[in-house]
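Here's the letter readout for the chains.
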Amino acid sequence: MKAIIADHLVKTYRHGEVRALDNLSLDVAEGTVLSVLGPNGAGKTTVVRILTTLLTPDSGSASVGGIDVIKHPDKVREIIGLSGQYAAVDETLTGMDNLVMFGRLYHLGKKAAILRADELLERFSLTDSARRPIKTYSGGMRRRLDLAASLIVQPKVLFLDEPTTGLDPRGRQEMWGVIEELVKGGVTLLLTTQYLDEADQLADDIAVIDHGKVIARGTSDALKTQVGGERLEVVVDQQHVGATMEIVSRVSGQKASLDEGLRLISAPVTTGAGALIEVLRSLDTAGIHPLDVGLKRPSLDDVFMSLTGHAAEDEVKELDTGKRSGRKSKKDKKVKGAKA
Amino acid sequence: MRALTDALIITKRQLLQLARVPEVLIFSTIQPVMFVLLFRYVFGGSINTGQPGGYVQLLMPGIFVQTTAFTLAATASGLAEDMTKGLIDRFRSLPISRSALVFGRTLGDGLLNVVVLFVMGIAGFLVGWRPTSGPVKIGLAFIFLLAFGYALSWVGIFAGLSARDYRVVQNVSFLITFPLTFLSNAFAPTTGMPRALQYVAEWNPVSTMVAACRELFGLKNQFGATAGSFPSEHPLPMSLIYMVLILLVFVPLSVRKYTHAAKK
Ligand SMILES: Nc1ncnc2c1ncn2[C@@H]1O[C@H](COP(=O)(O)OP(=O)(O)OP(=O)(O)O)[C@@H](O)[C@H]1O
Ligand SMILES: [Mg+2]
């Protein structure tokens, strides 16, 4: 059973000038996590807003929990939870006030709403600040409270739009913990993110989107394989660079490449750990002690680079294609910089 | 029924906000009270009304109406702030009636007027305002005022939902309500105005409301009726008509706009 289906969604702005979604289709099986991964302006928020009934698409259809979001938005709202890109809670009210209010709006009785608020505050480590106005909360606390508000009636399908953007590493880690906990509870989750490691960590499945289209879909492993296999990397002292290049090239069967600044020698390998052992032996025989050595699987950054021809961070919100050449030269510079 | 309880929860949210930040309530009462004092003592001396009790008798209904007219700005900026901060998206993703949020807000702003009018009434009494018509008519006048504020609150909903940014909303709605309240018989006779403006002032709902209140408080509406227009001759029914018209236009318009609203 698919808990979420989006079928050829199109959404344009400014009379068609901006195609926020361009025939986007995706689906999420019940009880699984899909991460929608894309740079700024890719269309992540637009998808989430359509699936959560906040926005009507120009064309295409979508359903959540088997219910058509355009025909029966009221029914959809009963089974979803949404935590938008920006924490949406009343800043002048306290954490407790907010959760009780939302609980009441979910039609819990007064007592039940208070009880549930207490429970959620406890679970998200907010009990100590329950009686302080949200204004005094840190970004991470705000985000957690926002998430708590979307969990009041245990939604079947949960939407989280960039849940960790703007959080410090600790805040992110905490948020990840909370989300993993939720997923164990069996909720179907659609999560958007700009962070490749986040998608890797939390999701069963990843949909990479760019310019309103899904450009790749699969598990993190599958996506990485699509980009290419492993690379063997060795870092040595300056005086051993030449000899090490030879050894690595011989083991790999292909000419090794060198990052002079880092004194990092690398080459693609197919035999994994075997190649690693062989290189280490040869280095030992030659009396070379590597400073660092390892096998590197391609990161999702590499995935993005190979799929779109530009790094995720390079994406700029743009309206006309005229600016695109500018972006390209930026990328060229980046590559040059890495070589120098 | 559910729509009503949902709306009341939203209203309660606004009352809670006032409890958490009481300054808001304090300052929204201080401003009209300051107006009472300023007009009473700065202009009051130089405007000769010939009315027993002096200028303050004519002034108070004017200030009451002006203050309730500012509900438009309060509603508009409050709602626009919710929009900008994404709170509206959350409300709209809840399984509640679509109109609950806007209904709740207009009710909340309407309730705030009860407090403000009460404090102003006391301030007015202290500086010499003495309505002479009797409790029923006085009560009716306040009900008219609350209803007028409530109707304008719906215009505020529409304005708030139309704005691109909540910081603009406050300015724009004052830009609308200020001329609206001064281009009227609220503070000075319309007879002193250029002919064209006189017509505007005579048909201005604010003038009609002020005239109605003056009548209900037991005064002759000296500041109007000079151009002999229909609203100034029949202020009571005309005020009712204006309020009903405003609600008839802006309730459906605002609810519709809210349903299609997007976060800016
Ligand atoms: N109301 C709007 N008016 C005009 N253009 C819009 C509007 N909303 C979104 N867009 C455009 O649609 C595209 C997709 O926007 P969207 O917010 O879905 O991106 P996103 O992937 O969520 O980006 P971010 O990571 O910055 O949140 C962008 O080019 C954006 O400028
Ligand atoms: Mg977004």
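The rules we used
Residues numbered from 1 in each chain as written. Chains lettered and ligands numbered in written order. Predicted model: local features only at pLDDT ≥ 70, side-chain atom pairs only at ≥ 80, totals over all residues. Heavy atoms only, no water. Core = buried A, V, L, I, M, F, W, Y, C linked by side-chain atoms within 4.5 Å. Buried < 20%, exposed > 50% of the residue type's maximum accessible area, 1.4 Å probe, protein only. Helix = DSSP H or I, 4+ residues; strand = E, 2+ residues; numbered from the N terminus. Contact = heavy atoms within 4.5 Å. Near = heavy atom within 4 Å. Polar contact = N/O pair within 3.5 Å; in protein donor to acceptor, adjacent residues only side chain to side chain. Areas by Shrake-Rupley, 256 points an atom, 1.4 Å probe, with all protein chains shown as cover. Nonpolar A, V, L, I, M, F, W, Y, C, P; charged D, E, K, R; others polar. Axes fitted to C-alpha atoms, helices over the stretch in contact; angles between N-to-C directions. Parallel < 35°, antiparallel > 145°, perpendicular 65-115°, else oblique. Donors = N, O, S within 2.8 Å, 3.2 Å for Na, K, Ca; no water. Buried area = accessible area lost by both parts, 1.4 Å probe. Salt bridge = Lys/Arg side-chain N within 4 Å of Asp/Glu carboxyl O. Pairing = 2+ DSSP bridges.

A. Broad picture of the nonpolar core. By size, the foremost hydrophobic cluster in this structure holds 103 residues, and its most contacted members are Leu99(A), Leu105(A), Leu147(A) and Phe91(B). The biggest single contributor to this core is helix α7 (residues 135-162) of chain B, with 11 residues. The residues touching Leu99(A), leaving out its near neighbours within four places in the chain, are Ala117(A), Leu120(A), Leu121(A), Leu145(A), Ala148(A), Ala149(A) and Ile152(A). Core analysis: the second largest hydrophobic core is formed by 30 residues, Leu24(A), Leu55(A), Ala62(A) and Ile80(A) among them.

B. Representation of the site of ligand 1 in the model. Residue and element names in this part refer to chain A. Around ligand 1, the structure places 15 residues, and the nearest of them are Gly41, Lys44, Thr45, Thr46 and Gln85. Taking Ala42, its main chain carries an N or O atom lying 3.2 Å from an oxygen atom of ligand 1. Here Gly43 contributes a backbone N or O atom positioned 2.9 Å from an oxygen atom of ligand 1. Computed on the free molecule, ligand 1 has an accessible area of 630 Å², of which 74% lies beneath the protein chains in the complex. Of all the secondary structure elements, the ones that give two or more residues to the shell around ligand 1 are β2 (18-29) and α1 (44-51). Of the residues in the shell around ligand 1, the class split is five nonpolar, seven polar and three charged.

C. Structural detail: the environment of Ala273(A). For Ala273(A), the position within the fold is in helix α10 (residues 273-285). A sequence separation of 176 residues divides Ala273(A) from Asp97(A), and the C-alpha atoms of the two residues are 57 Å apart.

D. Spatial organisation of the packing of helix α3 (residues 95-105) of chain A against helix α1 (residues 2-20) of chain B. Where α3(A) contacts α1(B), the axes come no closer than 10 Å and their chain directions differ by 170 degrees. The pairing of α3(A) with α1(B) is recorded here as roughly antiparallel in orientation. Contact with α3(A), carried on its side by Asp97(A), Met101(A), Arg104(A) and Leu105(A), involves Asp6(B), Ile9(B), Ile10(B), Arg13(B), Leu16(B) and Arg20(B) of α1(B) and no other residues of that element. A breakdown of the residues in the contact of α3(A) with α1(B) according to their chemical character gives five nonpolar, no polar and five charged.

E. Summary view of the coordination of the magnesium ion (ligand 2). Residue and element names in this part refer to chain A. The coordination sphere of the magnesium ion (ligand 2), as far as protein atoms go, consists of Thr45 (OG1) and Gln85 (OE1), spread over 1.8 to 2.1 Å. Linking Thr45 in helix α1 with Gln85 in the loop between β6 (80-83) and α3, this pair joins segments that are 40 residues apart in sequence. Note on Gln85: relative accessible area 21%, which makes it partly exposed.

F. Geometry of the interface of chain A and chain B. Between chain A and chain B, the contact holds 30 residues from the first and 25 residues from the second. Both sides of the chain A and chain B interface together cover about 2400 Å² of buried area, and 59% of this is carbon and sulfur. Counting the surface chain A buries against chain B, the share from its top three residues, Arg77(A), Leu105(A) and His107(A), is 27%. At the surface where chain A touches chain B, the tally comes to four salt bridges.

G. Region of interest: the sheet that holds strand β14 (residues 292-296) of chain A. All names here are of chain A. Overall, antiparallel pairing links the four strands, which are arranged β12-β13-β11-β14 in an open sheet. Since the sheet does not close on itself, it has two edges, and those belong to β12 (257-259) and β14, each with one partner. Geometrically, the sheet is characterised by an average inter-axis angle of 20 degrees between neighbouring strands, direction not taken into account. Pairing between β12 and strand β13 (residues 264-268): three bridges, direction antiparallel. Bridge pairing links Ser257 to Ser266 in β13. Where helix α9 (residues 241-252) meets the sheet, it contacts β11 (231-235), β12 and β13, and its direction lies at approximately 10 degrees from that of β13.

H. Region of interest: unusual backbone geometry. Residues and elements named next belong to chain A. Unlike most non-glycine residues, Thr53 shows phi in positive territory, near 70 degrees. Residue Thr53 is classed as buried on the basis of its relative accessible area, which comes to 9%. In this structure, Ser125 takes a positive phi of about 50 degrees despite not being glycine.

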